[in-house]
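Overview (structure and organization)
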Amino acid sequence: ATGNPDPRLLPDLGAALAAVARRRRGSRPPLYGDAPVLPAMAEAAGEVFAADGVPAGSLALTSGALDGVDRVLRSALRPGDTVALEDPGWPSEHDLLAAIGLKSVPMAVDDEGPLPGELSAALRAGARAVVVTNRAQNPTGAALSAERARALRGVLSEHPAVLTIEDDHGFGWVELPFHGVFGATDRWAVVRSVAKGYGPDLRLAMLAGDMVTVDRVRALIQTGPGWVSHALQEAFVEMWRAGAVSAEEVGRSYTERRTALIDHLAGHGLEARGRSGVNVWVPVPDEGAAVAGLLARGWAVSPGSRFRDGARPALRVTVSALEKGDMPSLAAAIAAATRHGGPAV
C-alpha cells in the first residue's frame, strides 16, 4: 500500500556519502554564496537530459519531483488558474494545487498516457498548465509512447502559451524509454527525480526548461532554501558515475512482478493495468468492500478513491515489497475480496 521502491534495489547512499566525506577532508566546506549547482552536478545533469534530447542549457535543482512541480506552478500561475492533471493520478498533485489556490481539470489516461482528446478538452476548458507523467505513472503504471507523445505535442502546439510540466520520476529505474512533450509550447519544464531509483532520502531532482521558467524557479529557491545540499549533489554524482543503478535490471525486476500479478488476476477473470513502475491498477466494483476484504485476508492495498476524479473505482497494488511467488495468493485474495468482500470464510 505504500508505493515505496524495493530497498534491495537501491544503491548504498551511506557508502556514497562516505566517499564524499573522504574527498572533502581538508577542503573548505561549502558556504553561503557558493554556486547552487556544483559543476560536477551540472555536467551529470546535462548528460542525463542530453541522452533523451532534452535541452538543459537552463538547469535548476529541487528537493524532489513535487518540489519541482510546486516551484514551477508557483512561478508561472496565479490563484484561481486551472491545471490539467491525469485521472487517475498522483494525489499529492491535487493536494499541492489546493494548497496554492489552483483548480484542476482531469485528463483520462490509458497505458500510453493522457488521451489527446482529453488534453484538448482540458485546454479548451481554460487550463493554463498541464502536468504529465512520462513513465511509471502513479497509480496506473502508464508510460508515454512515442506515438502518444507526438499526438499530445500536436494538441499543445495549438496552445503555445500553455505551460507543460513533465514528471519523469521514472528516470534511472524504468527500462522503458523516455518520451516527452517538452518544447511543444513556449513554457516547459522536465523534472527528473532520483528518489525511486537512488533512494527517497536523496532529496534531489533535476529540472530543465525554457530560460524564463528555470530563472523563475531559481529565484524562488533563492528566497527559500537557497540550494539543494552539495553533499547530496556529490553523492548522486558519485553513484551516477559508478553506475550504481541499472535501469534495465531494476525495471526488469519490477516488470516481472507486475506481469506475474496481472497474469494471475487474468486467470481469475480480473482486468488489471501496469505497463511500468511499481504499481498495478485493478478496477473493482466496490473499493471499500475490496479493501476491507483484502485487509481481512492479510493484505493492505490503497483504495483508488485517493487517486481518481472521474475514473472508475479501482485498487492500487504496489508490487515492490513482494516476490513473484506471492502473486498467486495475492491474486486469489483480490478475486475473493472483489467478489465477496468481508473476511475470508
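Relevant structure appears above.
Residues numbered from 1 in each chain as written. Predicted model: local features only at pLDDT ≥ 70, side-chain atom pairs only at ≥ 80, totals over all residues. Heavy atoms only, no water.

What about the overall build of the protein chain?
Looking only at helices and strands, the protein chain has 12 helices and 11 strands in total. In summary, the protein chain has a C-alpha radius of gyration of 21 Å against a globular reference of 20 Å for 345 residues, a match within 12%. With the C-alpha coordinates aligned to their principal axes, the bounding extent of the protein chain is approximately 65 × 50 × 35 Å. Relative to its 345 residues, the protein chain shows a buried fraction of 52%. Put simply, of all contacts in the protein chain between residues at least 6 apart along the chain, 75% involve residues at least 24 apart. When the accessible surface of the protein chain is totalled, it reaches about 14,200 Å², and 53% of it is carbon and sulfur. Each charge class in the protein chain can be summarised by its mean position, and for the 35 positive and 39 negative side chains these summaries are 2 Å apart. (Helix = DSSP H or I, 4+ residues; strand = E, 2+ residues; numbered from the N terminus. Rg over C-alpha atoms; globule rule 2.2 N^0.38 Å. Buried < 20%, exposed > 50% of the residue type's maximum accessible area, 1.4 Å probe, protein only. Contact = heavy atoms within 4.5 Å. Areas by Shrake-Rupley, 256 points an atom, 1.4 Å probe, with all protein chains shown as cover. Lys, Arg positive; Asp, Glu negative; His and termini not counted. Charge placed at Lys NZ, Arg CZ, Asp CG, Glu CD.)

Focus on the pairing of strand 5 (residues 129-133)
Across the five residues that make up strand 5, a large majority, five, are buried. Along strand 5, one buried face is formed by Ala129, Val131 and Thr133 and the opposite face, lined by Val130 and Val132, is buried too. The pairing of strand 5 with strand 6 (residues 163-167) spans five bridges and is classified as parallel. Across the sheet, residue alanine 129 finds its bridge partner in strand 6, namely leucine 163. (Pairing = 2+ DSSP bridges.)

Some thoughts on the pattern of salt bridges
Under the criterion given, the structure shown has 20 salt bridges. Close ionic contact of arginine 148 with aspartate 110 constitutes a salt bridge, the shortest N to O distance being 2.8 Å. Of the two residues, arginine 148 is situated in helix 6 (residues 146-156) and aspartate 110 in strand 3 (residues 103-110); the sequence distance between them amounts to 38 residues. Classification of arginine 148 as buried rests on a relative accessible area of 11%. Taken together, the salt bridges that share partners define one network made up of Asp6, Arg8, Arg257 and Glu323. (Salt bridge = Lys/Arg side-chain N within 4 Å of Asp/Glu carboxyl O.)

As for the sheet that holds strand 4 (residues 113-114)
Strand order across the open sheet formed by eight strands is 1-8-7-6-5-2-3-4, with mixed pairing between neighbours. Here the strands that pair on one side only, and so sit at the sheet edges, are strand 1 (59-62) and strand 4. Of the strand pairs in this sheet, strand 2 (residues 82-87) and strand 5 are connected by two bridges, and their pairing is parallel. In the strand pairing of strand 5, alanine 84 is matched with valine 130. Sheet strands in contact with helix 4 (residues 91-99) are strand 2, strand 3, strand 5 and strand 6, and its direction is about 165° off that of strand 2. (Axes fitted to C-alpha atoms, helices over the stretch in contact; angles between N-to-C directions.)

Points about the packing of aromatic side chains
On inspection of all chains with the given rule, the structure shows eight aromatic pairs. Summarising the aromatic geometry, the rings of phenylalanine 178 and phenylalanine 182 are spaced 6.3 Å apart at their centres and angled 20° between planes, so their arrangement reads as stacked. The pair phenylalanine 178 / phenylalanine 182 is uniform in exposure class, with both members buried. Judged by centre distance (5.7 Å) and plane angle (45°), the rings of phenylalanine 182 and tryptophan 188 are tilted. Take phenylalanine 182 and tryptophan 188: they sit in the same class, and that class is buried. (Phe/Tyr/Trp six-rings, centres within 6.5 Å; stacked < 30°, edge-to-face > 60°.)

Regarding the sheet that holds strand 11 (residues 314-318)
Reading across from one edge, 9-11-10 is the order of the three strands in this open sheet, with antiparallel pairing throughout. This sheet does not close on itself; its edge strands, each paired only once, are strand 9 (279-283) and strand 10 (302-303). The sheet contact formed by strand 9 and strand 11 spans five bridges and is antiparallel. Bridge pairing in strand 11 links asparagine 279 to threonine 318.

Things to note about unusual backbone geometry
The omega angle of the peptide bond from aspartate 87 to proline 88 is 0°, so this bond is cis rather than trans. Here proline 88 lies in the loop between strand 2 and helix 4. With an omega of 20°, the peptide bond between asparagine 138 and proline 139 qualifies as cis. In this fold, proline 139 is placed in the loop between strand 5 and helix 6. Its identity as a non-glycine residue notwithstanding, alanine 136 has a phi of 55°, on the positive side.

Some points on the nonpolar core
Across soluble globular proteins, you tend to see nonpolar side chains buried next to one another. In this structure, Met41, Val54, Val194, Tyr198, Leu202, Met206 and Phe236 are the most contacted members of the largest nonpolar core, which totals 36 residues. If you list the elements that add at least two residues to this core, you get helix 1 (13-24), helix 2 (39-50), strand 1, strand 7 (187-193), strand 8 (205-209), helix 9 (230-242) and helix 10 (247-267). Those residues in contact with valine 54 that sit more than four places away from it in its chain are Phe49, Phe178, Phe182, Trp188, Val190 and Ala208. (Core = buried A, V, L, I, M, F, W, Y, C linked by side-chain atoms within 4.5 Å.)

Considering helix 9
What sets the pattern is the α-helix's 3.6 residues per turn: residues three or four places apart point alike. Here helix 9 spans 18 Å end to end across 13 residues, near enough to the 18 Å set by a 1.5 Å rise per residue. Looking only at helix 9, the buried set comprises His230, Leu232, Gln233, Glu234, Ala235, Phe236, Val237 and Met239. If you follow the buried residues of helix 9, they end up packed against helix 1, helix 2, strand 1, helix 7 (195-198) and strand 8. Looking at where helix 9 begins, the residue whose side-chain oxygen comes 3.1 Å from the main-chain nitrogen of alanine 231 is serine 229. Glycine 243 occupies a position one or two residues after helix 9 and carries a positive phi of about 65°. (Expected span 1.5 Å × (residues − 1). Polar contact = N/O pair within 3.5 Å; in protein donor to acceptor, adjacent residues only side chain to side chain.)

Remarks on helix 5 (residues 116-124)
Among all positions of helix 5, only Leu119, Ser120, Ala122 and Leu123 are buried. Down the axis of helix 5, the buried set is contained in an arc of 160°. They therefore lie on one face. Exposed side of helix 5, more than 90 degrees from the buried face: Gly117 and Arg124 are the residues found there. Looking at the packing, one finds that the buried side of helix 5 touches strand 2, strand 3, strand 5 and helix 6. Count one or two residues on from helix 5 and you reach glycine 126, which has phi positive near 105°. (Arc of directions from axis to C-beta.)

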